[in-house]
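Examination of the molecular architecture
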Amino acid sequence: MKQHSLKANHRRDAIIGWAFITPQMAGFVFFVLLPLVSVFLYSVQEKNLLFGTSVFNGLENFRLLFADPLFSKSLVNTLIFSAGVVPLNLIFSLLLALYLGGGKMGTRFVRGIIFLPVVTSGVAWAIVWKYLLQGGDAGPINWFLSLIGIEGPNWLFEKGWAMASVIVNRVMKNLGMNVLIFMGAVLNMPGDVIEAARIDGAKRFTLFFKIKLPLLMPTVMMVAIVTIIGSMRVFDTIKLMTDGGPEGSTMVMVYYIYHQAFRMFDTGFASALAVVLFLIVLVLTALQWFSRKRISFYES
Amino acid sequence: MKTNQTKGVVRLLTFLLVLFLAMGMAFAAGAKEEAAPSGPVSMTIATWTSNPDQIALLDSFVQGFAAQKGIEIDATFESIPFAEYNTKLSLELQGQNGPDLFWVLETAAPAFIESGLLANLNDGMKAYDPQDISSDALELWSKDGNVYAIPFSTSPFFILYNEDLFAKAGVKTPEQYAAEGAWDWEAFKLASKTIKEKTGVWGFQTVDGQGYDARILHNLAPIVRSYGGDFWTDDGQVLINSDASVAAVQLFHDMVYQDVSVVPPGNQSDFFAGNAAMTVGQISRVSKLNDASFAWGIAPMPSGPEGKSPVIGQAAIGAHSKGKQAALASELVAYMTNKDSVAAMSGIWPPARKSVLESEAFLTSNKSVSKEQMQNAVAASIKTGRVLPSHVKYPQIEVESKMVFDKLWQKNADVGAILDEVAAVYAKYIK
């Protein structure tokens, strides 16, 4: 009798449990798993979005992809973008979090200012920045530079400057979120450990590199992974500010996928690109994940 | 225990996957068997205009058609920005809720016809005197004797100019130049340069400010063709790197980087706000000047060494062949392009119907434009104008060549070498 009741309880708990996770799992299946599976299926087809045709063509898309100079260009552009965004974002957000975590004067105001871009609409942000970054003397930034005798470039229409502009823009837009995460970690650092180091005579740099940074390392690792993945998947900043130009110099991989799928209508080829990007992000994330124990003392 | 949990998750995922597929199949089957609607018929019409007056005019045709058929139509107009038009439209057309009727750009006409997304309009047109539509105008929209879209606009490009800025700079207006027979690209270049030097205001803004990206062809075609060049031809010749084309593009490049009189890439100065003395427009753009704070005028495009070579921007309307109301939509397309409808919109979109085009009423159809201006800048150009080049692979050509064209927009660009690269891109697709 008792065993029967236990079984009934287990079953009831299980049903309630499934009921709780079903909506989430349904969303995951419909909006993540199925599209993901579809991308893998499309990647082995010659599929045209405009004509609505699809024919199985094996690994032909992948063969074409590795022979495509724009693929290698977009891959290099993605790496340049990530190499610019990730260190800048991590360094500035960590420094700001340490400053703001110190409870110095005006921290609330600074915190608000830094977080403001995160809650600003990406489209509005891009429109304003396109205005600010106009070439010649029409753009406010170039006008300001001209006051100190510098002739500013046509930021979004010159190779090199365009990539630099979108990197800085992206860092400024997303910095606030990482500052917030780091601040949580900074405020949770054990005060007694830092105090003990101070008593032992640790100076500011020693305190940071030997005590604070190791304490913050699990958070740094997590933020680094998320920021790298985010930078590899950048789309909105590119779409709204440079359209991949000039000369494809800001054509990152996700934008190239969009170009192939929705401008050139080659959905099969675009899916092959998406599969490659998926694998790259997967490998990078795995590398970071498995190297975390070497970098962070506190990872178990 | 862990194994049981894993099994449970796998079962749940499998169940949801099967459920989704079953729902998909049921939905697809249901869509095919949809019963005839009893209430108002819902129809979606995709356009690239968002002008409320123009939308209201189009809606009046829909309601006129509904009254003629004795049905109610609830029309929704979907305005897609020009730069995104082909992308978003093709995505919608392949989905379940694509528009029933949609505008088609001339450059994308062959690709859309080839895709099978456009319904055959031969039967729908029969009631509305199809012989009245110029066969030249229908050529682009037909294949194997079947018509797949009907041009509602055969609109030449012309120069819109700010009369106040010309007066301030002491330069003759384009209309005055044209009256003297001296309105050529050299005069245009000089006027632009003089205005910039004397007033500080840009001399010229490219069409809709998009001449360096979404409207490269619109921007360069009038110059290139009047110099005797072209982009590519119907018989597969690539001419963008011919001497004539290079000379024409060099002229525009010099205006941007030597004279510094053209609104450069990225600069947001706008003719309609009074920040440029000239731009290229069509008659549908004139309504944007209704509240202009300056006096303005229109003149034909300048001529080149090979004389006048007007460029026509053509747009057609078609019915979605896979839409739920394909037959009704085909009839509506024919109604919207019948003689009465095109006469009503001729002041905005010049018609392809000969009877309307040749009528006196056409010359006075736009209240903001004088009869003489309509005759000189619009009617005369329609007779001799040519549409932009098109190709079944145009979407690919546009995207790939844009990356090469980007190289032009630098001060020290080697125009000839860059156009050779553009020609190589064209040659890849055009055979």
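When helices and strands are tallied, chain B shows 18 helices and 12 strands. Projecting the C-alpha coordinates of chain B onto the three principal axes gives extents of approximately 80 × 60 × 45 Å. For chain B, buried positions account for 49% of its 431 residues. A separation of at least 24 residues holds for 75% of the contacts in chain B among residues at least 6 apart in sequence.

It is worth spelling out the overall build of chain A at this point. The helix and strand inventory of chain A stands at 13 helices and two strands. Here chain A has a C-alpha radius of gyration of 24 Å; the compact-globule value for 300 residues is 19 Å, and the former is much larger. Taken along its principal axes, the extent of the C-alpha atoms in chain A is 90 × 70 × 35 Å. The burial tally for chain A puts 32% of its 300 residues in the buried class. Looking at chain A alone, contacts between residues at least 24 apart form 67% of all its contacts between residues at least 6 apart.

Residue and element names in this part refer to chain B. Parsing chain B into structural domains produces domain 1 (41-155 + 313-386) and domain 2 (158-309 + 393-429). Once you take the C-alpha centre of each, domain 1 and domain 2 turn out to be 27 Å apart. On the side of domain 2, 18 residues touch domain 1, which itself brings 22 residues to the contact. When grouped by side-chain class, the residues that make up the side of domain 1 that touches domain 2 number 10 nonpolar, 11 polar and one charged.

Okay, the domain arrangement of chain A next. What the domain assignment reports for chain A is domain 1 (2-42) and domain 2 (60-295). Taking only C-alpha atoms into account, the centre of domain 1 of chain A sits 35 Å from that of domain 2 of chain A.

All right, on to the sheet that holds strand 9 (residues 276-281) of chain B then. All names here are of chain B. Reading across from one edge, 8-9-7-10 is the order of the four strands in this open sheet, with mixed pairing throughout. The sheet terminates laterally at strand 8 (202-205) and strand 10 (296-299), the two strands that pair on one side only. Geometrically, the sheet is characterised by an average inter-axis angle of 20° between neighbouring strands, direction not taken into account. Here strand 8 pairs with strand 9 via three bridges, running parallel. By the bridge assignment for strand 9, Trp202 is matched with Ala276.

Now for the environment of B:Phe188. Residues and elements named next belong to chain B. Among the secondary structure elements, Phe188 is positioned in helix 9 (residues 185-199). Residue classification places Phe188 among the buried residues on the basis of 23 C-beta atoms within 10 Å. The sequence separation of Phe188 and Lys88 amounts to 100 residues, and the corresponding C-alpha distance is 37 Å.

Looking now at the packing of helix 2 (residues 60-67) of chain A against helix 12 (residues 267-290) of chain A. Residue and element names in this part refer to chain A. Running from amino to carboxyl end, helix 2 crosses helix 12 at an angle of 75°, the nearest separation of the two axes being 9 Å. Classified by the interaxial angle, the pair formed by helix 2 and helix 12 is roughly perpendicular. Contact with helix 2, carried on its side by Asn61, Phe62, Leu64 and Leu65, involves Gly268, Phe269, Ala272, Leu273 and Val276 of helix 12 and no other residues of that element. Its residues assigned to classes, the contact of helix 2 with helix 12 shows seven nonpolar, two polar and no charged.

This next bit is on the interface of chain B and chain A. Taken together, the contact between chain B and chain A spans 26 residues of the former and 29 residues of the latter. Those elements that place two or more of their residues in the side of chain B that touches chain A are helix 1 (2-32), helix 3 (85-94), helix 4 (109-115) and helix 17 (394-405) of chain B. Within the side of chain B that touches chain A, the residues separate by chemical class into 13 nonpolar, nine polar and four charged.

In this section: the confidence of the model for chain B. On average, residues of chain B carry a pLDDT of 88, and 91% of them reach 70 or more. Per-residue pLDDT stays below 50 along residues 28-36 of chain B; that stretch engages in two contacts with residues further than four places along the chain or on separate chains.

A separate point is the nonpolar core. Side chains of nonpolar character tend, in soluble globular proteins, to be buried together. The biggest cluster of nonpolar side chains holds 181 residues, and the ones touching the most others in it are A:Leu273, B:Val104, B:Ile150, B:Ala277 and B:Val333. Top contributing element to this core by residue count: helix 7 (residues 161-187) of chain A, with 10 residues. Filtering out sequence-adjacent residues up to four positions away, B:Ala277 remains in contact with B:Tyr161, B:Asn162, B:Leu165, B:Phe166, B:Ile195, B:Val201, B:Trp202, B:Gly203 and B:Phe204.

Between its terminal C-alpha atoms helix 9 of chain B stretches 21 Å, which fits the 21 Å expected from 15 residues at 1.5 Å a residue. The set of residues buried in helix 9 of chain B consists of B:Trp185, B:Phe188, B:Lys189, B:Ala191, B:Ser192, B:Lys193, B:Ile195 and B:Lys196.

Residues and elements named next belong to chain A. In contact at an axis separation of 6 Å, helix 3 (residues 69-101) and helix 7 are set at 40° when each is read in the N-to-C sense. As judged from the angle between their axes, helix 3 and helix 7 are oblique. The crossing of helix 3 and helix 7 is right-handed. Within the contact of helix 3 with helix 7, the residues separate by chemical class into 19 nonpolar, six polar and one charged.

Basis of the calculations
- In this numbering scheme, every chain counts its residues from 1 along its sequence in written order.
- A letter from A marks each chain and a number from 1 marks each ligand, given out in the order of writing.
- A pLDDT threshold of at least 70 governs which residues receive local features in this predicted model, and a stricter bar of 80 or more applies before side-chain atom pairs are shown or counted, although totals over entire chains, interfaces and linings include all residues.
- Helix numbers and strand numbers start at the N terminus; a helix is a DSSP run of H or I with at least 4 residues, a strand a run of E with at least 2.
- Residue burial here comes from a neighbour count, namely the number of other C-beta atoms, placed from the backbone, that lie within 10 Å of the residue's own C-beta, with 20 or more meaning buried, 12 or fewer meaning exposed, and in between meaning partly exposed.
- Our contact criterion uses C-beta atoms placed from the backbone: two residues qualify when those atoms are within 7 Å.
- Using C-alpha atoms as the atom set, the radius of gyration is obtained and then compared with a globule rule of 2.2 Å times the number of residues to the power 0.38.
- Start and end points for every domain follow an automatic or database-based domain assignment.
- As a working rule, the residues Ala, Val, Leu, Ile, Met, Phe, Trp, Tyr, Cys and Pro are called nonpolar, Asp, Glu, Lys and Arg charged, and the rest polar, with Gly in that last group.
- Any two strands between which DSSP finds at least two bridges are classified as paired.
- Interaxial angles span 0 to 180 degrees and are taken between N-to-C directions of axes, which are lines fitted to C-alpha atoms, for helices over the stretch in contact.
- Throughout, the term roughly parallel applies to angles under 35 degrees, roughly antiparallel to angles over 145, roughly perpendicular to angles from 65 to 115, and oblique to all others.
- A residue's pLDDT is the confidence the predictor assigns to it, expressed on a 0 to 100 scale.
- By our criterion, buried Ala, Val, Leu, Ile, Met, Phe, Trp, Tyr and Cys residues that link up through C-beta atoms within 7 Å make up a nonpolar core.
- In this scheme, a helix's expected span is set at 1.5 Å multiplied by one less than its residue total.
- We call a crossing left-handed when the near helix sits turned anticlockwise from the far one by less than a right angle, and right-handed when that turn is clockwise.

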